[in-house]
Each structure stands twice: as structure tokens, then as C-alpha cells.
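# Secondary and tertiary structure notes
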Amino acid sequence: MNIILLGAPGSGKGTQSIILNKKLGLVQLSTGEIIRENIEKKTKLGLQVKNLVDNGEFVSDEIILSIISKRISEDDCSKGFILDGFPRNLNQASKFDEILLEKDKKIDFVIELNVSKENLYKRIENRAIESNEARADDKEEILKNRLNIYDEQTKPLVPYYKKAELHFEVDGMKSIDEISLEIEKIIKVKN
Ligand code: AMP
């Protein structure tokens, strides 16, 4: 089973991916994490994208698609995967459809975690306070930028996946356990 988790920065995609990974053994694929690892290790790719990521901007579709295309072909992903943070715009989504077709794979569910803007601000502020070392891209003005980019570029994926009859919505303001139960229900009902 392959799942896309859709939601703004701070909506809880990472938390729910970890739970799904533990419960169902699906591989968690976070493009943000892959990119941060590259930045930490100062790889060629990491050095190339550091400034963009620090400013809350997107990395190029070409780079992201190449990372994802390679990663989903690895053995562990044959059991299924959860995408957290990809796709993030319509071009990535449509190119990803082509990649899936080529690899004879498909997405089973796109689950959107809905959280109000107010709540998102609070969550990301807390995340920055809790981890002394705030992620550079969690700073407030950058956060605003990330949320605007989400509205402009990522939100259009909702009608895209509704049209494909893959879209499901969960109230992301409920507790972590409640959200995870709702996700389980969605997955079970359709199977
Ligand atoms: P995240 O941890 O998912 O919030 O990602 C952190 C940062 O990595 C984003 O703000 C972008 O700079 C970059 N990034 C992650 N995934 C993507 C993507 N699918 N497309 C473009 N940039 C991405």
C-alpha cells in the first residue's frame, strides 16, 4: 500500500508517518529529511540546495523527482511507502504519476491533514522552542513564507487528487491518537 500524506508544514505529517511505519511497516519517505541529511553531510546536493531550504523555498522539481524516483525503486519500498512532503506542486504530482506508471506502481490513498493557520503557527513556534536548535527554516518570517507557498503551490493538489478519487481528509487538530485511528479507518474501509 502506498500513501501520500498531504498537509502544511507543522500539520503532523511526520508524526503520522512514523505511526504508520510502526503499525503497517510502510517505509517513511520524507523528502525534507533526505534533503536535511544531505545538507548535514555537506554532499554536493546538500551544498546546492542549502540556501533555498534555509529560506523556506522549494528545491527544484528535477532534483526532488530524481530523489523520489530512485528511492521508491529500492527493495524496502516494495512493501509500500508513505510520502511525507512530496509531491508539493502540480508539476511534481503529474511527473510522479508518470514515474509510477513506468514502475508499475500506484498510490492508494492521499490523506490530507487539515489544520488551521493559527494552529500551525503555534505548533511550529513550539517546535522551535522545544528543540533548542530551531530548524533554520522554522523562523517566523520564513514560516510565513512556507505557509504561503503551501497555499499557492501545494493546495491545488487537493482537487487534483479528488479528481483521481484518491483524496481523503482528516481533521488534523484532533489528538495524535484520534488522527491515527481516523487514518486507519480510511485505509481499512477501502481495502
Ligand atoms: P519538510 O521537512 O517537508 O518541511 O521540507 C523541508 C524543506 O525541504 C522544504 O521547505 C523545501 O525547501 C525542501 N523540500 C522538501 N520536500 C520538497 C518537495 N517535494 N519539493 C520541493 N522542496 C522540498
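Read on for a plain summary of the structure.

## Section: the overall build of the protein chain
- Across its full length, the protein chain carries nine helices and five strands.
- Starting at the N terminus and walking to the C terminus, you meet the elements of the protein chain as β-α-β-α-α-α-β-α-β-α-α-α-β-α.
- For 191 residues, the compact-globule estimate of 2.2 N^0.38 gives 16 Å, and the protein chain sits close to it at 16 Å.
- Over its C-alpha atoms, taken along the principal directions, the protein chain stretches across nearly 40 × 40 × 30 Å.
- Here the protein chain, with 191 residues, has 44% of them falling under the buried criterion.
- The contacts in the protein chain between residues at least 6 apart in sequence include a share of 75% that link residues at least 24 apart.

## Examining the packing of helix α2 (residues 31–40) against helix α3 (residues 44–54)
- Direction vectors running N to C along α2 and α3 enclose 115°, while the axes themselves pass 8 Å from each other. Between α2 and α3, the angle falls in the class roughly perpendicular. At the point where α2 passes α3, the crossing takes the left-handed sense. On the side of α2, the interface is formed by Ile35, Asn38 and Ile39, while α3 contributes Leu45, Gly46, Val49, Lys50 and Val53.

## Notes on unusual backbone geometry
- The step from phenylalanine 86 to proline 87 runs through a cis peptide bond, and the omega angle for that step is -10°.
- Here proline 87 lies in the loop between β3 (81–84) and α5 (90–102).
- Its identity as a non-glycine residue notwithstanding, aspartate 104 has a phi of 60°, on the positive side.
- When you line up the elements, aspartate 104 lands in the loop between α5 and β4 (109–114).
- With a relative accessible area of 74%, aspartate 104 lands in the exposed category.
- Phi at glutamate 165 takes a positive value of approximately 60°, unusual for a residue other than glycine.
- Among the structural elements, glutamate 165 can be located in the loop between α8 (157–163) and β5 (167–171).
- Take glutamate 165: its relative accessible area is 65%, and that puts it in the exposed class.

## Some details on the packing of aromatic side chains
- Using the criterion set out here, one finds three aromatic pairs in the structure.
- Taken together, a centroid distance of 5.1 Å and an interplanar angle of 90° make the contact between tyrosine 160 and tyrosine 161 edge-to-face.
- Tyrosine 160 gets classed as partly exposed once you look at its relative accessible area, which sits at 24%.

## Considering the packing of helix α6 (residues 117–130) against helix α7 (residues 140–154)
- Interaxial distance between α6 and α7 falls to 11 Å at its minimum, and their mutual angle equals 140°. Here α7 runs oblique to α6, going by the angle between their axes. Pair α6 / α7 crosses with right-handed handedness. Contacts between α6 and α7 involve Lys117, Leu120, Tyr121, Ile124, Glu125 and Arg127 on the former and, on the latter, Glu140, Leu143, Lys144, Arg146, Leu147 and Asp151.
- Here the contact of α6 with α7 is built from residues that sort into five nonpolar, no polar and seven charged.

## Overview of a negative patch on the surface
- A cluster of acidic residues, Glu169, Asp171, Asp177 and Glu178, forms a negative patch at the surface.
- On the secondary structure map, glutamate 178 appears in helix α9 (residues 176–190).
- What makes glutamate 178 partly exposed here is its relative accessible area of 42%.

How each quantity is defined
- Residues numbered from 1 in each chain as written.
- Predicted model: local features only at pLDDT ≥ 70, side-chain atom pairs only at ≥ 80, totals over all residues.
- Heavy atoms only, no water.
- Helix = DSSP H or I, 4+ residues; strand = E, 2+ residues; numbered from the N terminus.
- Rg over C-alpha atoms; globule rule 2.2 N^0.38 Å.
- Buried < 20%, exposed > 50% of the residue type's maximum accessible area, 1.4 Å probe, protein only.
- Contact = heavy atoms within 4.5 Å.
- Axes fitted to C-alpha atoms, helices over the stretch in contact; angles between N-to-C directions.
- Parallel < 35°, antiparallel > 145°, perpendicular 65-115°, else oblique.
- Left-handed = near helix turned anticlockwise from the far one by under 90°.
- Phe/Tyr/Trp six-rings, centres within 6.5 Å; stacked < 30°, edge-to-face > 60°.
- Nonpolar A, V, L, I, M, F, W, Y, C, P; charged D, E, K, R; others polar.
- Patch = residues over 30% accessible without salt bridge, like charges linked within 9 Å, V, L, I, M, F, W, Y side chains within 5 Å.
- Areas by Shrake-Rupley, 256 points an atom, 1.4 Å probe, with all protein chains shown as cover.
- Salt bridge = Lys/Arg side-chain N within 4 Å of Asp/Glu carboxyl O.
- Lys, Arg positive; Asp, Glu negative; His and termini not counted.
- Charge placed at Lys NZ, Arg CZ, Asp CG, Glu CD.

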